[in-house]
Amino acid sequence: MAAPAPAPAPPMAAPRVGLLYDDRMCAHATPDGEEHPENPERLRAIWRKLNAAGVASRCVALKAKEAEDKYIASVHSTSHIKLMKEISSKKYDASRNKIARKFNSIYFNKGSSESAVLAAGSVIEVAEKVAAGELSSAIALVRPPGHHAEHDEAMGFCLFNNVAVAANYLLNERPDLGIKKILIVDWDVHHGNGTQKMFYNDPRVLFFSVHRFDYGSFYPAEGDASHCFIGEEAGKGYNINVPWEHGKCGDTDYIAAWDHVLLPVTKVFDPDIILVSAGFDAALGDPLGGCCITPNGYALLLTKLLGFAQGRIVMALEGGYNLRSIANSVCACAKVLLGDKFTFNAPEMQPFESTWRVIQAVRNELKTCWPVLSSKLPENVSLRIRPSPSELNAPSDSESDSEDVAELLATVASVNVIEVAGDAISEHLSKMKLDDDNLSVKTTSSCSAAEQHLVDSVKVQNNASVVLTKRISDLSLAWRSDLSRTDVWYASFGSNMWGPRFLCYVQGGKTEGMSIACCGSRDTSSPKGTMWKTVPHRLLFGRSSTPCWGTGGVAFLNPEINYNEKSYICMYKITLEQFNDILFQENRLVLEDGKDGNVVYPDSPLIGSSEIKFISINKAIHLEPIKDSWYSNVLYLGNEDELPILTMTCPASDIERFKSGELPLAPPSETYAATLIRGLVEGKQLDADGAANYINAAAAKGL
Ligand code: Q9C
Ligand code: ZN
């Protein structure tokens, strides 16, 4: 007799998903209707979308609730609570705006106090219901946001730290609910500085923040957003930062951080509930974030969290400033919580090489606290090179590409139709292709020498600001060791044609005629070769004085090729790391820290490997960050020995300004000219008269 067909599994009870929306949190707005990214339309746009998509009606509707002072007081000072609760009253009518200006990125109006108290209370409300099992999970659509708010300070559009207040409420006020360990996942594009500080030595709260860091320059631009900040005392290991080096990070980068950092640790930590500081400003199309998580990307990140804490997830809105993006992203998340299955139309994509490097650095920092992070990551992973500076500089909210983004958003919003379970998707996405080209990164650690150098140089100092500098500089080690493995030809057409003068940029010091000493490169090894050439570019002398050579012009090369011209260049084979240090010195970007003569190099390279690629395609790269300097243009002069020849000059737009007289043309000073001549003579390119004629002719000829 044939076995009877197995009965179909009984359908799982539909999850009860709380959805908190309350118009009263739209009261907080700019005082005189000025435009602001953090505005009431954000909540309304999300609410409209959830209703239009039929999602709101599938959730349990919740209303906002005020937070009691004593709960807010678990993370904020009494004076801060008092000010935030009174700032909207008549008493402050005359001083409100002035007080707002004393904070960093804050406005207040007559509705701010009520919205702020409701935002904090609402996260408590939903967290309590999820912890109690009344709801499976919940989304609190709150504003003002919270994660930048500090103990005694409003900051970054945030008045009270809503998520921190709710976490403390569960831990301290409700032992009956049995919540002993909380995971806070902060996927807002900005670092959750407030939350980090509030739980920095508290092992009951594992705080995980993934954010743009950009070597310390992205808001809030504090060094404590770096991966080196892992918590203190009992809380050591319970603070995890994943600091992106640049924008344009998207689904795969975040998924890599989940798969290789957050999830392994979460599995060991085994939280009782997960609170998500759910900003959506890392979404594709966000005007502030510059990243590109799609709604389905958020859905996947959330799906991966649902496997922990018995699915008890509370999402609290933080940032997110593109109305379409946040509406679609929240909608996708709500569907995940409701149990919808979805497909991920994964295009062929890989994480950035910087993502891989950051993940390695994070794991390395935390591996003693979380041994699960000491496992070996796959080697020979195929990675995307970082976006070029021009790609990164292209503002994502500009008129020019807003249409493209709108189109993209429409597409990603429409692929929400629903077939395959999250697991298959995640497997597909987290699978990194084995290397088949030359973009692979070696996973062996090769920064130890540089690291040691840095450790030595900071050992003698022990104040907090120095520690911060050290911490930030730790990140620069990654690019330094990377770029130390690439060689380029640096070509000089000016005083650096004379070897001893060039060596000052490598070894430090000064030679005859120079009024200022150079600090040198961090790697002081001598060039691996020297070679002369001529190039079809016009040599000119412009500007009226230089700090190093005094009165008189400095040499430039017209970036445009002109076959009637012939200029001499002396090329030095150096590492790309040294090239950046020379670029820094030429443009006076190296800061001297007066006290003990220490020098501080910029934390990020101007020319990395992907810029090299970009330059060789586009022949030149105008470096926006130093556009008001002399040599903000790196010009590609072809290859020698398979290595690119790079020089530094002014951008083409300066040539126009030289022509119009807006920038002065000026002959070189005598000492400066003598140095160039000496270079040409000692380099055996011309005899003394010939060299003098060459320089004089270039100086005398109009443009
Ligand atoms: N140059 C949240 O997303 N930007 N806050 C200030 C100053 C402030 C973001 C820029 C961004 C705050 C919750
Ligand atoms: Zn943000």
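Residues numbered from 1 in each chain as written. Chains lettered and ligands numbered in written order. Predicted model: local features only at pLDDT ≥ 70, side-chain atom pairs only at ≥ 80, totals over all residues. Heavy atoms only, no water.

- The chain is annotated in an unreviewed UniProt entry as histone deacetylase of Miscanthus lutarioriparius.
- According to UniProt, the comment filed for the chain under the heading Sequence similarities (unreviewed entry) is "Belongs to the histone deacetylase family. HD type 2 subfamily." (UniProt positions renumbered as here; feature names shortened; annotations may be inferred.)

Re the coordination of the zinc ion (ligand 2)
Then step 1. Protein-derived coordination of the zinc ion (ligand 2) comes from D188 (OD), D188 (OD), H190 (ND1) and D281 (OD), at a distance range of 2.0 to 2.6 Å.
Then step 2. For the zinc ion (ligand 2), the single-chain donor residues occur in sequence as D-x1-H-x90-D. Taken together, the positions of H190 in the loop between strand 4 (182-186) and helix 7 (193-198) and D281 in the loop between strand 7 (273-278) and helix 9 (295-306) put the pair 91 residues apart, joining distant regions of the chain. Neither residue differs from the other here; H190 and D281 are each classed as buried. (Donors = N, O, S within 2.8 Å, 3.2 Å for Na, K, Ca; no water. Helix = DSSP H or I, 4+ residues; strand = E, 2+ residues; numbered from the N terminus. Buried < 20%, exposed > 50% of the residue type's maximum accessible area, 1.4 Å probe, protein only.)

Brief notes about the confidence of the model for the chain
Then step 1. Counting all residues, the mean pLDDT for the chain is 85, and 83% of those residues have values of 70 or more.
Then step 2. The model gives residues 411-475 a pLDDT under 50, and that stretch makes 103 contacts with residues more than four places away or in other chains. (pLDDT = per-residue confidence, 0-100. Contact = heavy atoms within 4.5 Å.)

A look at helix 19 (residues 609-618)
Then step 1. Looking at helix 19, one finds that the buried residues are S610, E611, I612 and I615.
Then step 2. Positive phi appears at K619, one or two residues downstream of helix 19, with a value of about 75°.

Looking at unusual backbone geometry
Then step 1. Residue P144 follows R143 across a cis peptide bond; omega there is 0°.
Then step 2. Counting through the fold element by element, P144 comes out in the loop between strand 3 (137-140) and helix 6 (162-173).
Then step 3. Here Y219 and P220 are connected by a cis peptide whose omega angle stands at 0°.
Then step 4. In this structure, P220 sits in the loop between strand 5 (205-212) and strand 6 (239-244).
Then step 5. You will see that D641, though not glycine, has its phi angle at about 65°, which is positive.
Then step 6. Here D641 is to be found in the loop between strand 19 (633-640) and strand 20 (643-649).

Considering the packing of aromatic side chains
Then step 1. Throughout the structure, instances matching the rule amount to 20 aromatic pairs.
Then step 2. With a centroid separation of 5.3 Å and 50° between ring planes, the pair formed by W549 and Y672 is classed as tilted. Residue W549 is found in the loop between strand 12 (545-546) and strand 13 (550-551), and its partner Y672 is found in helix 21 (residues 670-682); the two are separated by 123 residues along the sequence. Assigned by exposure class, W549 and Y672 land together as buried.
Then step 3. If you follow R501 out to its NZ or CZ, it ends over the ring of Y505, 4.3 Å from the centre. (Phe/Tyr/Trp six-rings, centres within 6.5 Å; stacked < 30°, edge-to-face > 60°. Lys NZ or Arg CZ within 6 Å of the ring centre and 35° of its normal.)

Describing the packing of helix 8 (residues 251-269) against helix 11 (residues 353-366)
The description of two packed helices rests on the angle between their axes and on the distance between the axes.
Then step 1. Contact geometry of helix 8 with helix 11 gives a least axis separation of 10 Å together with a crossing angle of 25°. One way to sum up the angle between helix 8 and helix 11 is to call them roughly parallel. Pair helix 8 / helix 11 crosses with right-handed handedness. Judged by residue contacts, D253, A256, A257, H260 and V261 of helix 8 engage T355, W356, I359, V362 and R363 from helix 11.
Then step 2. Split by residue class, the contact of helix 8 with helix 11 holds six nonpolar, two polar and two charged. (Axes fitted to C-alpha atoms, helices over the stretch in contact; angles between N-to-C directions. Parallel < 35°, antiparallel > 145°, perpendicular 65-115°, else oblique. Left-handed = near helix turned anticlockwise from the far one by under 90°. Nonpolar A, V, L, I, M, F, W, Y, C, P; charged D, E, K, R; others polar.)

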